[in-house]
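Here is how the chains run, residue by residue.
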Amino acid sequence: MMKVKKNKMKEIVYTEKELAELIGGELKGEPDRRIKNVSAVSENRPDTITFAENPDYFHEAEKSNVTCVIVSMEVEKSNKDIIRVKNPRSAYAKIASLFAPEPLRKAGIHQTAVIDNTAQIGNNVSIHPHVVIEEDVVIADNVILAAGVFIGKGVKISKNTIIHANVVIEYNTLIGSNVIIHAGTVIGSDGYGFVTEDEKHIKIPQLGKVIIEDEVEIGANVTVDRGTSAATIIHRGTKIDNLVQVAHNVEIGEDNLLVAQTGIAGSTKLGKSVTLAGQTGVVGHLELEDNTIVASKSLLSKNTNAGVFYSGIPAQEHKKELRLQAASRKVPELLKRIKKLEREIEKINNK
Amino acid sequence: MMKVKKNKMKEIVYTEKELAELIGGELKGEPDRRIKNVSAVSENRPDTITFAENPDYFHEAEKSNVTCVIVSMEVEKSNKDIIRVKNPRSAYAKIASLFAPEPLRKAGIHQTAVIDNTAQIGNNVSIHPHVVIEEDVVIADNVILAAGVFIGKGVKISKNTIIHANVVIEYNTLIGSNVIIHAGTVIGSDGYGFVTEDEKHIKIPQLGKVIIEDEVEIGANVTVDRGTSAATIIHRGTKIDNLVQVAHNVEIGEDNLLVAQTGIAGSTKLGKSVTLAGQTGVVGHLELEDNTIVASKSLLSKNTNAGVFYSGIPAQEHKKELRLQAASRKVPELLKRIKKLEREIEKINNK
Amino acid sequence: MMKVKKNKMKEIVYTEKELAELIGGELKGEPDRRIKNVSAVSENRPDTITFAENPDYFHEAEKSNVTCVIVSMEVEKSNKDIIRVKNPRSAYAKIASLFAPEPLRKAGIHQTAVIDNTAQIGNNVSIHPHVVIEEDVVIADNVILAAGVFIGKGVKISKNTIIHANVVIEYNTLIGSNVIIHAGTVIGSDGYGFVTEDEKHIKIPQLGKVIIEDEVEIGANVTVDRGTSAATIIHRGTKIDNLVQVAHNVEIGEDNLLVAQTGIAGSTKLGKSVTLAGQTGVVGHLELEDNTIVASKSLLSKNTNAGVFYSGIPAQEHKKELRLQAASRKVPELLKRIKKLEREIEKINNK
């Protein structure tokens, strides 16, 4: 059986002083007061720390039972204990990570895992029940493979990466370090490539791979297809939400945000720091420049310019789209005005 | 090996009298005639019972080989056996449930299931091969966990709930009784929360949970994210179709219908009996009042009023959207009329 | 343990002459030159064969390190070895299939698979770890069931079909030969059918099945619901991309292409050779005639005519939609022209 670190979900406690030091903030409060978790103000829980980004949230926090509030430098004093920082939200994220449970971190290899004897397995890995690891796989130190994960032939996974339950990683995929892949996701399925002859669709074998760089996070039930002959690539730091589709030969730049149910068609290239809001569609063979932003449910069918915000179906610059929408709402009124004009002209002509 | 109730899929037979009593209907037919299944009229199968909601369907049923027809009170007699009820469709649903096979109900725990010894398992559960149950889990009576299901630490599942194959329930999720979750669905994946500093996206730990109340049904390959610090909640009786995305901190009221490929962004609250048709998108931090209805492929970007029907991208009241669409179809004609007016004016001015 | 054909991923080599014969092409080059893989021109890899469909791609290929290029009959000579054929892309597809690795083909039944003793298993099947096969299942020759696959009671799978990891096939599903189903997909989940009484949604049992004919390919994390009482059917040769939803009682004709994230609502019938581009929605109870084409992100809400191209939300004939879009972009200008006309009329009337 698996070695289980039984202490993993026991109570975690920090003093306010320790937390202030961690985030480089100025504590105005009781240094030794003990904090046992983070919370949202609406939960109204004592012994917790929260954050307030604006005066409204701060006043609500002051009235609540939370013990300590992370605030911006504009706040100078409070009846609550406060920690003053430049960016309360990122300070909160750092503190919250201290209290985050890691129920899947259980160093050891479960006896029901099926691991090919050519696989190389690092130190301190957590390989859960019913995991399957095929030939020539390399799993680095501290990797977590949750229950039912399939790791295909020749896959390489770098250190500290966490792969949640029932994820499928098809053969030859390369995954960087500190990557998180949520449950049910499929990496390296065949791209959708066919050639049609006499109305029959003949499969074009998909021989490429998928490369996922360091610090990438991928949501649940996502699909990332392997390249046709080269690779589908997701560069460092990109964060992908649930149920997103990434087609073959797509290249996604660093630090992108791809929100839920977005789909990117084949061979499209995204620059750095691109944001695609939920349910966006992007057609194939496009180039999206750095810092492109696309609004929810848009259909992007043309290349984009750096830093520009697009929306609509088909998408255009958001400013133009808004003007168009505003104008289109006036069409019923236009109809009336034109009718009136026509009558006026008739009257004039009949004079 | 698993104890298998071998009689589960043997022939099921009821008399017309028994069926009429079950649904509180009036039988006009042969009380002892035997019915062996439900069917659609188009299948034309003898020894079955079907239902007819309107005269067209009823005439078709009368000409078919089905043995018995559930009809509304308006139908007084027929050459077929009939059962008269107020609501033929719901009466049919009740009878169909008698004939529904339950291939996954096999009381026993399969020897390949991996169950932590802190887990509490109720009576008459069906725990299929390769199920994994982590620490401190509670599984109530009559629950079915199909093959390959993962139940994370601290999860609680109430009685009679059915969880289909390869579903993943992440830690601390609470699931009510008589819930059905279809295959491949992921409950409790991390919400999509990041804070961006110097173009890098820092993960905000997702420490909340998911609560799914009684009588909820969730389709296949759905994703429901855990709350950031509080809970994502799906209230009693709500029915969710396949490939739907429910983001962190969302609260879905009782008796909602969320049709396939719909996505709901973070922190949005839905009232009771809301209907979102297929491929709807709902942006974050909204409030949808009771009985809101949204048409397929709409993008809801504002709060809604109770009982109102919305459509469009962005969505507005459906009546307005229809008027707008009708008007927009007239724009090509408007162009011509304006051109004509311009010429007329020119003529007048040139006189 | 599983019998593994260790030679499966060793080097594959063909001569140019062998390849030219396979595709019925005319070789202009060195017949005995050895080709070790296919490639994309951009990879610039020696010892590989690629294809060029137009002069631009061909000139690029001529300058690259690839060894041999499949070209159309218009190309007569080159400094590279060439194989002249009518359709370079389909010739390439055939050659690429020679080099395609089959990492999942491992004849044998893994000892961790759980197979009911009523199941009939053909010759030369590859049944991977943690597969579950229920009662009365029939698996024909050469079928591959990858790790974690669930095959429900009464399912029949014909020869040469490949089912990737963690796919769920619910009871009574019928699957043809030479079918490919990618990872995470769910076939035979309950259709979304409820009858509402006093605001409560009562489940209509879904008693039908799913039928998938020969040569069908289905992507990753797709959902195909079982029929209410009859069957959901996908006819021969249809290719379905990732994350597509097929609702209950849908019938999809032969040789359809359904691109990623498309959804088809209940009881809709598609003819032959229909193409639905990505993120299309199709409402229920429609009939789509042969060779219908629908553009990305459209919402089809009416029956279609054979061979017609539709787009828009709601979709109409693409030509009309384009005219409407062009006209709608002129509305802001129309507003100005109408204002001007109104002033002119006022002037005339004030004379």
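Calculation criteria
Residues numbered from 1 in each chain as written. Chains lettered and ligands numbered in written order. Predicted model: local features only at pLDDT ≥ 70, side-chain atom pairs only at ≥ 80, totals over all residues. Heavy atoms only, no water. Pairing = 2+ DSSP bridges. Helix = DSSP H or I, 4+ residues; strand = E, 2+ residues; numbered from the N terminus. Contact = heavy atoms within 4.5 Å. Buried area = accessible area lost by both parts, 1.4 Å probe. Salt bridge = Lys/Arg side-chain N within 4 Å of Asp/Glu carboxyl O. Polar contact = N/O pair within 3.5 Å; in protein donor to acceptor, adjacent residues only side chain to side chain. Nonpolar A, V, L, I, M, F, W, Y, C, P; charged D, E, K, R; others polar. Least-squares fit on C-alpha atoms with pLDDT ≥ 70 in both. Buried < 20%, exposed > 50% of the residue type's maximum accessible area, 1.4 Å probe, protein only. Domains from an automatic or database assignment. Arc of directions from axis to C-beta. Axes fitted to C-alpha atoms, helices over the stretch in contact; angles between N-to-C directions. Parallel < 35°, antiparallel > 145°, perpendicular 65-115°, else oblique. Left-handed = near helix turned anticlockwise from the far one by under 90°.

Before going further, it helps to examine the sheet that holds strand β24 (residues 209–212) of chain B. Residues and elements named next belong to chain B. Here we have nine strands laid out as an open sheet, ordered β10-β13-β16-β19-β24-β27-β30-β33-β36, and parallel in their pairing. The open sheet has two free edges, formed respectively by β10 (120–121) and β36 (287–288), since each of these has just one partner strand. In this structure, strand β33 (residues 269–270) lies alongside β36, joined through two bridges in parallel fashion. Its bridge partner being in β36, K269 is matched across the sheet by E287.

On the chain A side, the residues contacting the 72 residues of chain C number 67 residues. For the pair chain C and chain A, the two sides together bury roughly 5,300 Å², of which 64% comes from carbon and sulfur. Remark: the boundary between chain C and chain A carries six salt bridges. Of the charged contacts in the structure, one is a salt bridge between A:K200 and C:D255, with a shortest N-O distance of 3.3 Å. Applying the counting rule to chain C against chain A returns 29 residue pairs in polar contact (both at pLDDT 80 or more). Breaking the side of chain C that touches chain A down by element, the ones donating at least two residues are β4 (37–38), α3 (88–99), β28 (239–240), β31 (257–258), α4 (318–328) and α5 (331–350) of chain C. Residues that form the side of chain C that touches chain A fall into these classes: 33 nonpolar, 25 polar and 14 charged.

This part covers the relation of the copies chain B and chain A. Superposition of chain B onto chain A requires a rotation of 120 degrees combined with a translation of 0.0 Å along the rotation axis, giving an RMSD of 0.1 Å. Overall, the copies show the geometry of a three-fold rotation axis.

Residues and elements named next belong to chain C. Taken together, 10 strands build an open sheet; the order of strands is β9-β12-β15-β18-β21-β26-β29-β32-β35-β38 and the sheet is parallel. The open sheet has two edge strands, β9 (114–115) and β38 (299–300), and neither has a second partner. Sheet topology note: the strand β26 (residues 223–225)/strand β29 (residues 245–246) ladder contains two bridges and is parallel. Opposite T223, over in β29, you have Q245 as the bridge partner.

Take unusual backbone geometry next. Residue and element names in this part refer to chain A. That bond from I313 to P314 is cis: its omega, -5 degrees, falls within 30 degrees of zero. Positionally, P314 belongs in the loop between β39 (309–311) and β40 (316–317). Of note in the backbone geometry, H130 takes a positive phi value of approximately 65 degrees without being a glycine. Here H130 lies in the loop between β11 (126–127) and β12 (132–133). Given the relative accessible area of 6%, H130 is considered buried. Backbone geometry at K297 places phi at a positive 60 degrees, although glycine is not the residue there. Mapping K297 onto the fold places it in the loop between β37 (293–294) and β38 (299–300). Judged by relative accessible area, K297 falls into the buried class, the value being 3%.

Partitioning chain A into domains gives domain 1 (5–99), domain 2 (108–175), domain 3 (185–314) and domain 4 (321–350). One C-alpha centre belongs to domain 1 of chain A, the other to domain 2 of chain A; they are set 37 Å apart.

Okay, the side chain of A:S298 next. Summarising the element assignment, A:S298 is placed in the loop between β37 and β38. You can call A:S298 buried: its relative accessible area is 1%. The contact partners of A:S298, leaving out residues within four places of it in the chain, are A:Q279, A:T280, A:G281, A:Y310, A:S311, A:G312, A:I313, A:A315 and C:K297.

Taken together, the contact pairs 68 residues of chain B with 72 residues of chain A. Summed over both sides, the interface of chain B with chain A buries roughly 5,300 Å², with 64% coming from carbon and sulfur. Linking B:E134 and A:K106 is a salt bridge whose minimum nitrogen-to-oxygen distance equals 2.7 Å. Counting across the chain B and chain A interface gives 29 residue pairs in polar contact (both at pLDDT 80 or more). In terms of residues, the side of chain B that touches chain A owes the most to one element, helix α5 (residues 331–350) of chain B, which gives eight residues. Each residue belonging to the side of chain B that touches chain A can be placed in one class, and the counts come to 30 nonpolar, 22 polar and 16 charged.

Now for helix α4 (residues 318–328) of chain B. Listed as buried for α4(B) are B:E321, B:L324, B:Q325 and B:A327. For α4(B), the arc enclosing every buried residue in end-on projection is 160 degrees, short of the 170-degree limit, so these residues lie on one face. Away from its buried face by more than 90 degrees, α4(B) exposes B:K319 and B:R323. Those residues of α4(B) that are buried are in contact with α4 (318–329) and α5 (331–350) of chain A together with β39 (309–311), β40 (316–317) and α5 of chain B.

Across the interface, α5(B) lies against α5(C) with an axial gap of 10 Å and an inter-helix angle of 30 degrees. The angle between α5(B) and α5(C) places the two elements in the roughly parallel class. Between α5(B) and α5(C) lies a crossing whose hand is left-handed. Packed against α5(B), whose contacting residues are B:V331, B:L334, B:L335, B:I338, B:K339, B:L341, B:E342, B:I345, B:I348 and B:N349, the element α5(C) presents C:V331, C:L334, C:R337, C:I338, C:L341, C:E344, C:I345 and C:I348 at the interface. Looking at the contact of α5(B) with α5(C), its residues break down into 13 nonpolar, one polar and four charged.

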